[in-house]
Amino acid sequence: MCSIATDLRRPEFRSFFAAAVFCQFAAVGRSWRFVPLLVMLIGFTPGMASADTASLPEADLQFYQSQVAPLLEVHCNKCHGADSKFRGGLDLSSRQGLMTGGDSGPAIDADAPESSLLLDAINYRGLEMPPAGKLPAAEIAVLTEWVRRGAPLPVQTTSRTKHEEGPPKAADHRGHWAFRPVVSGPVPEGSPADWGNSPIDAFVWQQLTAAGLEPTKQADRRALIRRAYFDLTGLPPTLAQVDAFVRSPDPRAYEHVLDELLASPQYGEKWGRFWLDLVRYAETNSFERDGAKPEAWKYRDYVIASFNSDKGYDRFLMEQLAGDELPDASKETRIATGYYRLGTWDDEPSDRTQALYDELDEIVATTSQVLLGLTVNCARCHDHKIDPISQRDYYQTLALFQDVAPDGHRTSPYELVDLSDSPVVAAYRERDAELGRIRHRLHELEQAAIARMPGVDQRRTETDQRLQVLNEKLAQFQSAEEGAEYRRLRDELVAWEQKQLPPRELAMGVATASANPRPTHVLIRGNPHAPGAEVEPGFLEVLSGVPSAGSITPAATSSGRRLHFARWVTQPDHPLTYRVYVNRIWQQHFGRGLVRSASNFGLKGDQPTHPELLDWLTAQFIRGGFQTKPLHKLIMLSKTYQLSSEPTEDQLRVDPANDLLGRFDLRRLSAEELRDTMLLVSGQLNLKLGGPSVYPAMPAEVLAGQSQPGQGWQTSPEAAKAANRRSVYVHVKRSLLLPLLSSFDFPDPDGSCAVRFATTQPTQALSMLNGRFANEAADEFAKFAAREGGHDQPSVVRRALETAFSRPATQAEVIRGLKLVNELITEEGLTAEAALSRFCLMVLNLNEFVFVD
């Protein structure tokens, strides 16, 4: 029997022999007590035609693993999973458990799936599961489809318990939806002609109608153009631009508007900020001193220019990861390597080795989350507790970045990249060599004289009194020849230090890399002082199906490891890189991605609400050459994007979270959009592109909170309106963020920000009503409205409303505005100018100004 069972455990024999053996035992009347043994040996359960993952139809397997299993894990397995106590007697981890059911009876009705108790429970028909709250319509639809298919469920031949060691095995989870190749499936058919011709709309329609819903009405043209302007440029349209669009008879007028916005330089400023959030862009180091990162702004300008030029996303990543190693390396690509210097940096750590691995961990964490949507950094101290990522995987990934020279220390920070032309580089190289030679010889002469001094003076030269001792006593302990040489060298030193050279072009980036990096070891419990086994650079085991894109080829000045990684991660058939990015672009347009956990595509990340749509969009993006601007157009030309934000009653009842995309989600302006728009409508916005960051006036109360008030914040000159540039150009000091931006959820730059918070808090109202910036903007807004609208009050009020809302003001709105202005004059004793300023402040606080419909 054992030998037979051994054969039967082979997948190619199971399906055939399982039913045959079972029927044979029944036919000959053998004891049924042997059946459980056979079940155990061959993986057969009554009611199942297959026993393991391999024997399930591929479509059912993928559906279960990508959509059903994650829902069960999140909502059901705590009480009814393999490692639970089977609350109510229900076991959802096996086919037998589903068919037998619990205290209330079988969970699945094989003859009438639509009548299954499981479906009654999740629809809150009698039973109510999960008890924490009814599932969203999209998730109910997934489980309903699973039951309709007969609840196909792969049998677990081994069961992990809560007490077992080790992470999920990579081989067990290569079928996870995010680890599978991108597949562009067929576009669903059957959507009505008036709904839209975009494949996006077909995918959305399919899931809406499956849930018994229809999309809401289309947004009106004024709301649509305002939405498009903010989404692509972060600035509102003028009233004239809105009117021209509304009145245009051209059926392609909307498409033409999108083309104009995508060609605008303001597009890169808006979308560059999205990338800066992800890579934790800041211009200072954090920690106690929070010192400046010299020339960091050049990386910001590189990102903005890359978006404006619609650089391919694959090339964009290659330049940041290995811009110094590329065969066609240039000034631009070397600036791109500033990516590696954006993190926090302790310039005076108590444990330099620990600090080194903390810096490398930031690189691993940011790179894996932003590019792959995986939290590889969770495996630094132990195997990942959730995803199939081992500690060895982590250190193999870290080894890819070991050639980047670490940041220095407080008095000698990391080296800047010299982008100067060859003659300038040569001139500075000569000067630096001469200065080094002279200083070395001066030190030798000083040490020779110190050796002849009394012991007490020798010891003083080892303290901060060295210079004082040398000034007082050096000549006494030098020979005539030594003294003459010393004085000559001092004169040469001054001459070289004062020599006028052309200015250098410097940038923050990878200036120095090692061709032979230090060995990388698995660090026991993440402790850099407890090295374990040595590892070579490599990729995650769970992604071993992605080809390695050749071998690592060291160069004279670098190891080639980062270029090797860059080529691997940007391969067209990589299952994660482009899915993650396309999902982020969708997120920026709709407020959340098709996968809500935008930087976590792992086993516990959110499941895609529209997985087929995500893959279809990703495939289009890859086929289109990794260009972002066509992706914007594809999304924004869909009827789904153009829906109104007004929900239907059915949508609020069935799909309150709008997972099915039946309407557009209203959103508040981002922190930068709010500040920039206030400057724009008040006639103050300076649209200068690029260059060093600006320093708007910082309230004295905020500066007083620094250990050294005012340190690191030099207010930009008022005369040229330098501080009134777009917010993307505001200096980002980690310990001192601009209060208005901080109040409206500007991200914490200490770590990667995948999704900004959208909070509502008292400091926002206080900033907008009582803050210095808001009140100064209101004053300038009132002056602007008076200049543009004439000097009679009705015209000025009308002009203010129309400028703020990009639409004609109604007569009723003008009358209410005039009433407020007159009350402020007659009842509060304000001057006409002050009253108009208060009216403008009120306008800046209205929802129509602050929200995008």
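To be clear, the structure that these remarks concern was listed above.
Keep in mind that this is a model prediction, so the values were computed, not measured.

Analysis parameters
- The written sequence of each chain sets the order in which its residues are numbered from 1.
- Where local features are concerned, this predicted model is filtered to residues with pLDDT of at least 70; where side-chain atom pairs are given and counted, the filter is 80 or more; whole-chain, interface and lining totals use all residues.
- Processing note: side-chain calculations cover all non-hydrogen atoms of the structure and skip hydrogens and water entirely.
- Counting from the N terminus, the helices are the DSSP runs of H or I reaching at least four residues and the strands are the DSSP runs of E reaching at least two.
- Only protein chains enter the accessibility calculation, which uses a 1.4 Å probe; a residue is then buried when its area is under 20% of its type maximum, exposed when over 50%, and partly exposed in between.
- Contacts are assigned to residue pairs with any non-hydrogen atoms lying within 4.5 Å of each other.
- Helix axes use the C-alpha atoms of the stretch in contact, all axes being lines fitted to C-alpha atoms, and the angles between their N-to-C directions lie in the range 0 to 180 degrees.
- Just so you know how the angles are binned, under 35 degrees is roughly parallel, over 145 roughly antiparallel, 65 to 115 roughly perpendicular, and the rest oblique.
- Under the scheme applied, nonpolar residues are Ala, Val, Leu, Ile, Met, Phe, Trp, Tyr, Cys and Pro; charged residues are Asp, Glu, Lys and Arg; polar residues are all the others, including Gly.
- To estimate how far a helix should extend, the number of its residues minus one is multiplied by 1.5 Å.
- Think of it as the arc spanned by the lines of direction from the helix axis to the C-beta atoms.
- Centres within 6.5 Å are what make two rings of Phe, Tyr or Trp a pair, Trp counting through its six-membered ring; a difference in plane orientation under 30 degrees is then read as stacked, over 60 as edge-to-face, and the rest as tilted.
- Geometrically, a charge over a ring is one whose NZ (Lys) or CZ (Arg) sits within 6 Å of the ring centre while staying within 35 degrees of the ring normal.
- Cavities and pockets are defined on a 1 Å grid built over the protein atoms alone: a cavity is a set of grid points where a 1.4 Å probe fits but cannot escape, while a pocket is an open set with protein on both sides within 12 Å along at least five of seven lines, and lining residues are those with an atom within 4 Å of any such point.
- Grid points are joined across faces, edges and corners, and a volume is the space filled by probe spheres set on the points.
- Here a crossing is called left-handed whenever its near helix is offset anticlockwise from the far helix by less than a right angle, and right-handed whenever the offset is clockwise.
- What makes a nonpolar core is a set of buried Ala, Val, Leu, Ile, Met, Phe, Trp, Tyr and Cys residues whose side-chain atoms join them at distances within 4.5 Å.
- The term salt bridge refers to a pairing of a side-chain nitrogen on Lys or Arg with a carboxyl oxygen on Asp or Glu at a separation within 4 Å.

**Q** For this particular structure, what's the right way to read the overall build of the chain?
**A** Broken down by element type, the chain carries 36 helices and 6 strands. Seen along its three principal axes, the alpha-carbon backbone of the chain occupies a region of about 120 × 85 × 45 Å. Across the 853 residues in the chain, those meeting the buried criterion constitute 52%. Sequence separation of 24 or more characterises 69% of the internal contacts of the chain that already satisfy a separation of 6 or more.

**Q** Can you help me understand the packing of helix α17 (residues 352-372) against helix α24 (residues 577-590) in this one?
**A** Helix packing geometry: the angle between the two helix axes and the distance between the axes. Closest axis-to-axis distance for the α17/α24 pair is 7 Å, and the angle between their directions is 75 degrees. Classed by the angle they form, the pair α17 and α24 counts as roughly perpendicular. When α17 is examined against α24, the residues Gln 369, Val 370, Leu 371 and Leu 372 are found in contact with a partner set consisting of Thr 577, Val 580 and Arg 584. A breakdown of the residues in the contact of α17 with α24 according to their chemical character gives 4 nonpolar, 2 polar and 1 charged.

**Q** How do you make sense of helix α22 (residues 480-498) when you look at a structure like this?
**A** Owing to its 3.6 residues per turn, the α-helix aligns residues three or four sequence positions apart on the same side. With 19 residues, α22 extends 27 Å from end C-alpha to end C-alpha; this agrees with the ideal 27 Å at 1.5 Å per step. Within α22 the residues assigned to the buried category are Glu 482, Gly 483, Tyr 486, Leu 489, Leu 493 and Trp 496. Buried residues of α22 fall within an arc of 155 degrees about the axis and therefore sit on the same side. Among the exposed residues of α22, those pointing more than 90 degrees away from its buried face are Ala 480, Glu 481, Arg 487, Asp 491 and Gln 498. The elements touched by buried residues of α22 are α19 (422-450).

**Q** Whenever I open this one, the packing of aromatic side chains confuses me. Can you help?
**A** Any pair of aromatic rings gets described here by the distance separating the centres and the angle formed by the planes. Under the definition given, this model contains 34 aromatic pairs. With a centroid separation of 5.6 Å and an interplanar angle of 75 degrees, the aromatic rings of Phe 401 and Phe 565 are classed as edge-to-face. One end of the pair, Phe 401, is in the loop between α18 (391-399) and β1 (417-418); the other, Phe 565, is in helix α23 (residues 561-569), with 164 residues separating them in the sequence. A relative accessible area of 4% means that Phe 565 is categorised as buried. A cation over an aromatic ring shows up here: Arg 227 above the ring of Phe 664, its NZ or CZ 3.7 Å from the ring centre. The ring of Tyr 428 carries Arg 504 above its face, with NZ or CZ at 4.2 Å from the centroid.

**Q** Could you clarify how one ought to interpret empty space enclosed by the protein in this entry?
**A** Over the atoms, a rolled probe matching the size of one water molecule traces out where space is still vacant. Under the criterion given, the structure shown has 8 cavities of 30 Å³ or more. Here the largest cavity defines a volume of roughly 150 Å³. As for the largest cavity, its lining consists of 16 residues, of which Tyr 340, Arg 341, Glu 359, Ile 363 and Asp 407 are closest to the centre. Taken together, the residues of the lining of the largest cavity sort by class into 8 nonpolar, 2 polar and 6 charged.

**Q** Just checking my understanding: could you explain the packing of helix α13 (residues 265-278) against α24 for this structure?
**A** Where α13 meets α24, the closest approach of the two axes is 12 Å, and the angle between their N-to-C directions is 120 degrees. Of the possible angle classes, the one that applies to α13 and α24 is oblique. Once α13 is placed against α24, the crossing between them reads as right-handed. Counted together, Trp 271, Phe 274 and Leu 278 of α13 and Tyr 581, Arg 584, Ile 585, Gln 588 and His 589 of α24 form the full contact between these two elements.

**Q** How should the nonpolar core be read in this particular structure?
**A** Soluble, globular proteins show a tendency: their nonpolar side chains are buried together. Of all hydrophobic cores here, the largest spans 166 residues; its most connected members are Trp 275 and Tyr 299. The greatest single-element share of this core, amounting to 8 residues, is contributed by α17. Once you skip the residues sitting within four places of it in the chain, Tyr 299 turns out to touch Trp 275, Leu 276, Val 279, Tyr 281, Gln 320, Ile 335, Ala 336, Gly 338, Tyr 339 and Leu 342.

**Q** What is the right way to read the pattern of salt bridges from this model?
**A** Pairing is possible between side chains of opposite charge, provided their charged atoms come close. Inspection of the entire model under this criterion finds 60 salt bridges. A salt bridge links Glu 780 to Lys 783; the nearest nitrogen and oxygen atoms lie 3.6 Å apart. One end of the pair, Glu 780, and the other, Lys 783, are both in helix α32 (residues 772-789), 3 residues apart, so they sit about a helical turn from each other. Take Lys 783: its relative accessible area is 46%, and that puts it in the partly exposed class. Residues joined by salt bridges that share partners form a network here, namely Lys 311, Arg 315, Glu 319, Asp 328 and Glu 332.

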